[in-house]
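# Chains, contacts and geometry: an overview
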Amino acid sequence: MALRTILTQEDPALSKKCRPVTKFDDRLKQLVGDLTDTLLASSGVGLAAPQVGVLRRVTVILDISKEPEEVVVLINPEVIDQRGSDRVPEGCLSAPNVWGYVTRPTWAKIRAQDINGNWFEREGEGTVAQCFCHEVEHLDGHMFTEKVEEFIDPEDMKQE
Ligand code: ZN
């Protein structure tokens, strides 16, 4: 396992639509291991493969609603249901020092495959629902900054 360099938003990899994973092999396990290590070494709650330059539909999130926090691997994920909406502050490891308010569902259900290719569903509220949406958007080549309604002064985020 190794830490990978997180690309920032001007990198073209972040605006490409990623291809589905079809092979659940050692190479995928290596990628997932590296994404997990890189996420845990950062202050983020989610990291998608295109953020390290790999254009595949793989993302790793930290479910902070669990105690202890749980790393969840999402392969070929889709948001299949969502409810509510809330205007929440958001940031991204690929946009250092950029924060803004976006509208996100308060609850979302995701369908994804695990590292062995088994499909599962998982629900999340609040930050977890927000994270599901944010990460799936990365896999379609979109950054949260495209949907920011109001940018937040980085100084204000530091005080929280
Ligand atoms: Zn992001």
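Just so we're clear, the structure is a prediction, and the values are computed from it rather than from any experiment.

The rules behind these values
- Residues numbered from 1 in each chain as written.
- Predicted model: local features only at pLDDT ≥ 70, side-chain atom pairs only at ≥ 80, totals over all residues.
- Heavy atoms only, no water.
- Donors = N, O, S within 2.8 Å, 3.2 Å for Na, K, Ca; no water.
- Helix = DSSP H or I, 4+ residues; strand = E, 2+ residues; numbered from the N terminus.
- Buried < 20%, exposed > 50% of the residue type's maximum accessible area, 1.4 Å probe, protein only.
- Pairing = 2+ DSSP bridges.
- Expected span 1.5 Å × (residues − 1).
- Contact = heavy atoms within 4.5 Å.
- Axes fitted to C-alpha atoms, helices over the stretch in contact; angles between N-to-C directions.

Okay, the coordination of the zinc ion next. Here the zinc ion is held by Cys92 (SG), His134 (NE2) and His138 (NE2), and the distances to it run 2.0 to 2.3 Å. Sequence positions of the residues that donate to the zinc ion give the spacing C-x41-H-x3-H. Within this pair, whereas Cys92 is found in the loop between β4 (86-90) and β5 (99-104), its partner His138 is found in helix α2 (residues 127-139), the two being separated by 46 residues in sequence. Across the pair, exposure class does not vary: Cys92 and His138 are buried alike.

Let us look at the pairing of strand β2 (residues 58-63). For β2, the buried fraction is high: six of the six residues fall into the buried class. Covered by surrounding structure in β2 are Val58, Val60 and Leu62 together with Thr59, Ile61 and Asp63, the residues of both alternating faces. Where strand β1 (residues 46-48) meets β2, three bridges bridge the pair, whose relative direction is antiparallel. Directly across from Leu47, in β2, lies its bridge partner Val60. Sheet topology note: the β2/strand β3 (residues 70-83) ladder contains six bridges and is antiparallel. Within the sheet, the bridge partner assigned to Leu62 lies in β3 and is Val71. Linking β2 back to β3 in an antiparallel pair, the connection comprises six residues.

Here we take up helix α1 (residues 26-40). Look at α1: 21 Å from first C-alpha to last across 15 residues, which is about the 21 Å you get at 1.5 Å a residue. Of all the positions in α1, only Leu28, Leu31, Val32, Gly33, Asp34, Leu35, Thr36, Thr38 and Leu39 are classed as buried. For α1, the elements touching its buried residues are β1, β2 and β3.

Pairing is antiparallel across the open sheet formed by five strands, whose spatial order is β1-β2-β3-β6-β7. Edge positions in the open sheet fall to β1 and β7 (119-125), since each of these has one partner strand only. Within the sheet, the average angular offset between the axes of one strand and its neighbour, ignoring direction, is 40°. Pairing analysis gives seven bridges linking strand β6 (residues 107-113) to β7, with the strands arranged antiparallel. Along β7, the bridge assignment pairs Ala112 with Phe120.

What follows covers α2. Counted at 1.5 Å a residue, the expected span for α2 with its 13 residues is 18 Å, and the 19 Å between its end C-alpha atoms agrees. With respect to burial, α2 is a largely interior element, twelve of its 13 residues being buried. Turning to α2, its buried residues are Val128, Ala129, Gln130, Cys131, Phe132, Cys133, His134, Glu135, Val136, Glu137, His138 and Leu139. One or two positions beyond α2, positive phi appears at Gly141, with a value near 85°.

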